[in-house]
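One letter stands for each residue in the lines below.
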Amino acid sequence: MTTIPVALTANGYQIRVERGILSQAGEEIAAVTKARRAALISDSQVGPLYASKVKESLEKAGFTVHTVNFPAGEANKTDATLHMLYDVLLSWGMTRGDAVVALGGGVVGDTAGYAAATLFRGMDCIQIPTSLMAQVDSSVGGKTGVDLPQGKNLLGAFHQPRAVLVDPECLDTLPQREIRGGLAEVVKYGLLSDESILDHLEQAQQPDYGFLLPACLSIKARLVVEDERDTGERRLLNFGHTLGHGYEAAGGYTACTHGEAVAAGMVDMLKIEEAQGLIGPELRLRVEALLEKLGLPTHMDCGREALSAALGRDKKNQGKAMHPVYVTAPGKAYVASMSREELLALWEKTR
Ligand SMILES: NC(=O)c1ccc[n+]([C@@H]2O[C@H](COP(=O)([O-])OP(=O)(O)OC[C@H]3O[C@@H](n4cnc5c(N)ncnc54)[C@H](O)[C@@H]3O)[C@@H](O)[C@H]2O)c1
Ligand SMILES: [Zn+2]
């Protein structure tokens with residue numbers, strides 16, 4: 001068992017990483033909450049695969065368990081799903097002293113986490129992430145929420161989980177495209193803070209998640225502790241995401257996955273840094289070779305107008321200032337500030 005503390009002063013908790021931990025979820029959860037009734041929330045893809053294992057373990061540990069699966073996919077990360085969850089939790093007679101267990105990818109984690117943050121002014125929530133993206137990123141740090149028709153993640157709250165249980169075994173059933181998307185985030189962590197992640201991905205035949213998950217989670221935990229509310233250091237996690245979000249939005253969220261957009265976004269940020277004379281081509285060439293090895297794109301077709309409109313719609317475009325993250329060497333990263341026009345001009349220079 002690998003344990004990574006998220007040492008927040010008020011709401012600290014542990015991330016527990018272990019193959020097979022799903023079957024020990026009951027005792028793990030009993031140790032971090034006074035609740036003895038649990039709402040086990042999952043989606044239509046993950047629920048049928050893993051919910052019974054978690055339910056059985058919870059029941060063995062003395063919990064009364066109710067389960068609900070909502071239809072899988074980002075399209076269901078909505079207030080309609082949220083209200084359905086409120087309805088079923090209330091119909092089960094849940095109270096503030098009961099707990100929510102979120103079992104799934106980032107969509108389940110964000111939606112169920114937000115239900116837990118808001119119903120009865122806050123219930124205990126335990127995150128059991130099953131996608132690579134959720135296992136290295138979204139399950140940790142307490143950001144919860146759903147999308148609105150006007151934009152992604154517009155409705156939300158900070159609500160730290162009581163624990164995060166990570167079972168690498170779940171990745172055996174994750175579709176390859178989702179694995180690749182998660183690996184784009186893993187590369188990002190390597191660039192931000194830990195070159196050994198890059199070395200491993202470059203050298204290994206197959207990714208060793210026993211090494212990669214704790215390595216990424218330690219970085220995430222550190223950034224969350226330094227900056228729980230995401231106004232400073234935590235924004236480094238946005239490396240590749242300013243342009244990446246732009247590519248995703250410009251493609252109507254259907255042309256590519258988030259991870260694919262981030263992969264191209266990281267390469268394009270490195271190209272911008274090259275054009276500004278901040279770095280030579282070596283780092284970009286290294287990242288391009290690694291992304292290609294992992295089956296990720298290093299380029300997105302996107303016109304200036306489409307990107308400009310998409311950047312304008314991004315909620316992170318507070319006022320007109322953009323905050324793209326610069327990485328000048330593995331482990332050397334900072335948050336920059338520039339106008340949307342400046343960023344677009346730099347971007348255009350590198351196309
Ligand atoms: N809260 C945060 O800090 C944070 C950070 C990053 C991303 N996010 C959010 O996370 C979401 C993306 O998360 P995601 O990439 O996990 O998407 P997702 O939850 O839609 O999962 C992707 C697909 O894989 C399926 N799946 C998940 N685990 C599986 C498994 N073990 N076996 C088989 N299928 C499995 C899901 O059912 C889904 O169809 C976005 O909504 C994003 O906004 C949140
Ligand atoms: Zn991301």
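Given the structure is predicted, the values throughout are model-derived calculations rather than measurements.

This paragraph deals with the overall build of the protein. When helices and strands are tallied, the protein shows 13 helices and 13 strands. On C-alpha atoms alone, the protein measures out to a radius of gyration of 20 Å, which is about the 20 Å that the 2.2 N^0.38 rule sets for 351 residues. Projecting the C-alpha coordinates of the protein onto the three principal axes gives extents of approximately 60 × 40 × 35 Å. Expressed as a percentage of the 351 residues in the protein, the buried residues total 48%. Taking contacts inside the protein between residues at least 6 apart in sequence as the whole, the part at least 24 apart equals 72%.

Here we have seven strands laid out as an open sheet, ordered E1-E2-E9-E6-E5-E3-E4, and mixed in their pairing. A single partner strand is all that each edge strand has here, and the edge strands are strand E1 (2-6) and strand E4 (64-70). Ignoring which end each strand starts from, the neighbouring axes of this sheet average 20° apart. Summarising the sheet, E1 and strand E2 (residues 13-17) pair through five bridges and their orientation is antiparallel. Counted as the bridge partner of isoleucine 4 is isoleucine 15 from E2.

Along its sequence, the protein is organised into domain 1 (2-173) and domain 2 (180-349). The C-alpha-based centres of domain 1 and domain 2 are spaced at 27 Å. Sorting the residues of the side of domain 1 that touches domain 2 by element identifies E1, E2, helix H5 (132-138) and strand E8 (151-158) as the ones contributing at least two each. Looking at which element gives the most residues to the side of domain 1 that touches domain 2, the answer is H5, with five residues. Tallied by class, the residues present in the side of domain 1 that touches domain 2 amount to 16 nonpolar, five polar and one charged.

Next up on the list: the environment of proline 129. Along the chain, the position of proline 129 falls in strand E6 (residues 124-129). Look past the residues within four positions of proline 129 in its chain and what remains in contact with it is Gly109, Ala134, Gln135, Ser138, Ser139, Val164 and Val166.

For the pair helix H6 (residues 176-193) and helix H8 (residues 209-226), the least separation of the axes is 10 Å and the interaxial angle reads 55°. As judged from the angle between their axes, H6 and H8 are oblique. Viewed along their axes, H6 and H8 form a crossing whose handedness is left-handed. Contacts between H6 and H8 involve Val186, Tyr189, Leu192 and Ser193 from the first element and Leu212, Cys216 and Ile219 from the second. Considering only residue class, the contact of H6 with H8 consists of six nonpolar, one polar and no charged.

The next thing to look at is the site of ligand 1. Lining the immediate surroundings of ligand 1 are 27 residues, of which Gln45, Gly105, Gly106, Ser131 and Ser138 lie closest. Mapped onto the shell around ligand 1, the elements with two or more residues apiece are helix H4 (106-118) and H5. Classifying every residue of the shell around ligand 1 by side-chain character gives nine nonpolar, eleven polar and seven charged.

Looking now at the pairing of E2. Side chains Tyr13, Ile15 and Val17 project from E2 onto a buried face, and the interleaved Gln14 and Arg16 project onto a face without burial. Of the pairings in the sheet, the one linking E2 to strand E9 (residues 163-166) comprises four bridges and is parallel in character. Residue pairing for E9: valine 17 is matched across the bridge by valine 166.

Take the nonpolar core next. With 101 residues, the main nonpolar core has Ile41, Val54, Val100, Val101 and Leu103 as its most contacted residues. Take this core: its biggest share by element is ten residues, from H8. Residues contacting isoleucine 41, with those up to four places away along its chain left out, are Val68, Leu85, Val100, Val101, Ala102, Leu103, Val108 and Ala112.

So, on to the environment of threonine 328. Here threonine 328 lies in strand E11 (residues 325-329). Classification of threonine 328 by C-beta neighbours within 10 Å gives partly exposed; the count is 13. Contact partners of threonine 328, with chain neighbours within four places excluded, come to Glu273, Leu278 and Ile279.

For serine 44, the position within the fold is in the loop between strand E3 (37-43) and helix H2 (47-60). The class of serine 44 is partly exposed, set by 13 C-beta atoms lying within 10 Å. Taking the C-alpha atoms as reference points, serine 44 and glycine 181, separated by 137 residues in sequence, lie 20 Å from one another. Residues contacting serine 44, with those up to four places away along its chain left out, are Asn69, Pro71 and Ala72.

Time to look at the packing of H6 against helix H10 (residues 258-275). Where H6 contacts H10, the two axes come as close as 7 Å, and the packing angle between them is 35°. Regarding H6 and H10, the two cross each other, and that crossing is left-handed. Packed against H6, whose contacting residues are Arg180, Gly181, Gly182, Ala184, Glu185, Lys188 and Leu191, the element H10 presents His258, Gly259, Glu260, Val262, Ala263 and Met266 at the interface. Here the residues of the contact of H6 with H10 sort into five nonpolar, four polar and four charged.

How each quantity is defined
Residues numbered from 1 in each chain as written. Chains lettered and ligands numbered in written order. Predicted model: local features only at pLDDT ≥ 70, side-chain atom pairs only at ≥ 80, totals over all residues. Helix = DSSP H or I, 4+ residues; strand = E, 2+ residues; numbered from the N terminus. Rg over C-alpha atoms; globule rule 2.2 N^0.38 Å. Buried ≥ 20, exposed ≤ 12 C-beta atoms within 10 Å, placed from the backbone. Contact = placed C-beta atoms within 7 Å. Pairing = 2+ DSSP bridges. Axes fitted to C-alpha atoms, helices over the stretch in contact; angles between N-to-C directions. Domains from an automatic or database assignment. Nonpolar A, V, L, I, M, F, W, Y, C, P; charged D, E, K, R; others polar. Parallel < 35°, antiparallel > 145°, perpendicular 65-115°, else oblique. Left-handed = near helix turned anticlockwise from the far one by under 90°. Near = placed C-beta within 6 Å. Core = buried A, V, L, I, M, F, W, Y, C linked by C-beta atoms within 7 Å.

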